[in-house]
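# Descriptive structure summary
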Amino acid sequence: MSHYIYLMQNGGINPTLRRNMPNYRRDFTTGGLYFFTVVLKDRSQDYLIKYINEFRQAYKITQERYPFETVAICVLPDHFHLLMQLPENDSNYSVRIGFLKSQFSKLLPLQCRKVSESDQKQGDAGIWLRRFWEHLIRNDEDLANHWDYIYYNPVKHGYVQYVKEWQFSSFHRDVDKGIYPKDWSGCPDLIIKGEM
Ligand code: NI
């Protein structure tokens, strides 16, 4: 059986290819699977791409200290979207997001840090918006939608024309794994709450 199904739309074959549900069926009762959107405080900045090596380093340090599985990630200039699988009996995503944010802030050049008085009191480097979007994935369809949403995001935000053109996501890893077709055209009509 094919790994992909063609979604029928308007009586024709939609160029959107999606994975078959059973190929990534997960147990949603152990270890939470969460979708996050984490944004910079100053949305006009492009720190996450400009300092992508620092972001990767911060991410690696975080994962070593507080293990989790990266189901999918997409890094945009001023925010990132992440599907995170927590280990069994561990629901502490806040410590992971918080640690990642602080590690990245520490690795940035000093001139990037605009620390206001209130930020100093909070121990924040003034890089990130304090709150972030968090959503607990509850079933396979919810997972598929958020997964697709993450990979389509650079096109949605207008950074590239095609999903495969964006380097800073785990899309290419999932193409190698056979989860997505290389020329996956994305999901322009998909609506989920994902941005901030
Ligand atoms: Ni986005």
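Residues numbered from 1 in each chain as written. Predicted model: local features only at pLDDT ≥ 70, side-chain atom pairs only at ≥ 80, totals over all residues.

- Under an unreviewed UniProt entry, the protein chain has the name Transposase IS200-like domain-containing protein and belongs to Mannheimia succiniciproducens.

## Structural notes on the overall build of the protein chain
- Scanning the protein chain from N- to C-terminus turns up six helices and six strands.
- Reading the protein chain from its N end, one meets helices and strands in the order β-β-β-α-α-β-β-α-α-β-α-α.
- A total of 196 residues make up the protein chain; the buried ones form 28% of that total.
- Contacts spanning at least 24 positions in sequence make up 68% of the contacts within the protein chain whose residues lie at least 6 apart. (Helix = DSSP H or I, 4+ residues; strand = E, 2+ residues; numbered from the N terminus. Buried ≥ 20, exposed ≤ 12 C-beta atoms within 10 Å, placed from the backbone. Contact = placed C-beta atoms within 7 Å.)

## A look at the sheet that holds strand β4 (residues 69-75)
- Taking strand neighbours across the sheet as the criterion, the four strands line up as β4-β5-β3-β6 in an open arrangement whose pairing is antiparallel. Strands with a single pairing partner mark the edges of an open sheet, and in this sheet they are β4 and β6 (133-136). Neighbouring strand axes in the sheet, compared pairwise and without regard to direction, differ in orientation by 10° on average.
- As defined by bridge partners, strand β3 (residues 33-39) adjoins strand β5 (residues 79-85) across seven bridges and the pair is classed as antiparallel. If you follow L33 over to β5, its bridge partner there is Q85.
- Along the sheet, helix α3 (residues 93-107) contacts β3, β5 and β6; its crossing angle with β3, the most-contacted strand, is approximately 30°. (Pairing = 2+ DSSP bridges. Axes fitted to C-alpha atoms, helices over the stretch in contact; angles between N-to-C directions.)

## Examining the environment of Y47
- Examined against the element boundaries, Y47 turns out to sit in helix α1 (residues 47-50).
- Linking Y47 and L76, residues 29 residues apart in sequence, is a C-alpha distance of 9.3 Å.
- Not counting residues up to four positions away in its chain, the partners in contact with Y47 are L40, L108, C112 and I127.

## Examining the packing of helix α2 (residues 52-65) against α3
- α3 packs onto α2 with a crossing angle of 140° between their chain directions and a minimal axis gap of 8 Å. Overall, the two elements α2 and α3 adopt an arrangement that is oblique. The crossing of α2 and α3 is right-handed. Each of E54, F55, Q57, A58, Y59, I61, T62 and R65 in α2 lies in contact with α3, whose residues at this interface are R96, F99, L100, Q103, F104 and L107.
- Split into classes, the residues belonging to the contact of α2 with α3 amount to eight nonpolar, three polar and three charged. (Parallel < 35°, antiparallel > 145°, perpendicular 65-115°, else oblique. Left-handed = near helix turned anticlockwise from the far one by under 90°. Nonpolar A, V, L, I, M, F, W, Y, C, P; charged D, E, K, R; others polar.)

## Considerations on the pairing of β3
- Along β3, six of the seven residues are buried, which leaves the element largely enclosed by surrounding structure.
- Pairing of β3 with β6, which is carried by four bridges, proceeds in the antiparallel orientation. Following the sheet pairing, T37 is matched in β6 by W133.

## Quick word on the nonpolar core
- In this structure, F36, F80, L83, M84, I150 and Y151 are the most contacted members of the largest nonpolar core, which totals 39 residues.
- Within the residue set of this core, elements represented by two or more residues are β3, α1, α2, β4, β5, α3 and α5 (140-156).
- Apart from the residues within four sequence positions on either side, L83 is in contact with L33, F35, V71, A72, H146, W147 and I150. (Core = buried A, V, L, I, M, F, W, Y, C linked by C-beta atoms within 7 Å.)

## Considerations on the environment of A125
- Within the fold, A125 resides in the loop between α4 (117-122) and β6.
- Separated by 19 residues in the primary sequence, A125 and K106 place their C-alpha atoms 7.9 Å from one another.

## Considerations on α5
- Here α5 spans 23 Å end to end across 17 residues, near enough to the 24 Å set by a 1.5 Å rise per residue.
- Maximum bend of α5: about 35°, positioned at I150, with proline P154 one to four residues after it.
- After α5 finishes, the residue G158 shows a positive phi value of roughly 85°. (Expected span 1.5 Å × (residues − 1). Bend = angle between axes of the 7 residues up to and from the residue.)

## Observations concerning unusual backbone geometry
- Backbone geometry places N89, a non-glycine residue, at a positive phi of 60°.
- Relative to the helices and strands, N89 is located in the loop between β5 and α3.

## What about the confidence of the model for the protein chain?
- Summing up the model confidence of the protein chain, the mean pLDDT is 85 and the portion of residues at 70 or higher is 82%.
- In this model, residues 1-17 is a region of pLDDT below 50 whose contacts with residues beyond four sequence positions or in other chains number 26 contacts. (pLDDT = per-residue confidence, 0-100.)

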